[in-house]
Amino acid sequence: MNTGSRLEQANKNAAAFWLAQARAHGWQSHVRPGLTAVRCARTPDDSQRFLVTRPYVEPTEAEEQLADLMAAWETVRFTLEDPYQGLDLSRFGAVRMPIMPVMAREPGPVEGALAEPAATGPPT
């Protein structure tokens, strides 16, 4: 598997996590090709979560999609996971942070791991 598809795999995994959180908590979510958004709604100023899940052809178009969604959700705070680092959201007060590390590995057994979990219980 090449690096680009591994990154997209990790991005889709992160998006699936946030969509599961949205379902569990009854939060709004929005999925567009290449973008997953979750309106975290514990408090009015909760940070909304936006995840870029695949490379974008035109950063300006992606920025406008985000701007439209932030306006519709009346977003006060947000977290954007953009592993491609091409979006400029400084007009919304965004500050670029170091890129978040991701991990991807192919499904299957882990080398050196026990085949079955060790039994646990009270000491005897």
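Being a predicted model, the structure only gives us computed values, none of them experimental.

Draft legend 1. Structural context of the overall build of the chain. The helix and strand inventory of the chain stands at two helices and four strands. Ordered by position in the sequence, the α and β elements of the chain form the string α-β-β-β-α-β. The 124 residues of the chain split such that 27% are buried. Across the chain, contacts joining residues at least 24 apart in sequence account for 55% of those joining residues at least 6 apart. About 8,700 Å² of surface is accessible on the chain, with carbon and sulfur atoms providing 55% of the total.

Draft legend 2. Local environment of the packing of aromatic side chains. Using the criterion set out here, one finds four aromatic pairs in the structure. Between the aromatic rings of Phe17 and Trp18, the centroid separation amounts to 5.3 Å while the plane-to-plane angle is 85 degrees, which identifies the pairing as edge-to-face. On the basis of relative accessible area, Trp18 is assigned to the buried category, the value being 16%. What links up through ring pairs into an aromatic cluster is the set Phe50, Trp73 and Phe78.

Draft legend 3. Representation of the pairing of strand β4 (residues 77–81). As paired strands, strand β3 (residues 47–52) and β4 are joined by five bridges and run parallel to one another. If you follow Gln48 over to β4, its bridge partner there is Phe78. Of the crossover connections in this fold, the one passing from β3 over helix α2 (residues 59–72) to the parallel β4 is right-handed.

Draft legend 4. A look at the pairing of strand β1 (residues 28–32). Where β1 and strand β2 (residues 35–39) come together, five bridges link them in antiparallel fashion. Across the sheet, residue Gln28 finds its bridge partner in β2, namely Arg39. Linking two consecutive strands that pair antiparallel, namely β1 and β2, is a turn of two residues; a positive phi of about 85 degrees is found at Gly34 within it.

Draft legend 5. View of α2. Compared with an ideal rise of 1.5 Å per residue, which puts 14 residues at 20 Å, α2 spans 20 Å between its outermost C-alpha atoms and is within 8% of the ideal. Among the residues of α2, those classed as buried are Ala62, Glu63, Leu66, Ala67, Leu69 and Met70. The buried residues of α2 occupy an angular sector of 165 degrees when the element is viewed end-on, so they sit on one face. Facing away from the buried side of α2 by more than 90 degrees, the exposed set consists of Glu61, Asp68, Ala71 and Ala72.

Rules used throughout
Residues numbered from 1 in each chain as written. Predicted model: local features only at pLDDT ≥ 70, side-chain atom pairs only at ≥ 80, totals over all residues. Heavy atoms only, no water. Helix = DSSP H or I, 4+ residues; strand = E, 2+ residues; numbered from the N terminus. Buried < 20%, exposed > 50% of the residue type's maximum accessible area, 1.4 Å probe, protein only. Contact = heavy atoms within 4.5 Å. Areas by Shrake-Rupley, 256 points an atom, 1.4 Å probe, with all protein chains shown as cover. Phe/Tyr/Trp six-rings, centres within 6.5 Å; stacked < 30°, edge-to-face > 60°. Pairing = 2+ DSSP bridges. Right-handed = clockwise from strand over helix to strand, strands pointing away. Expected span 1.5 Å × (residues − 1). Arc of directions from axis to C-beta.

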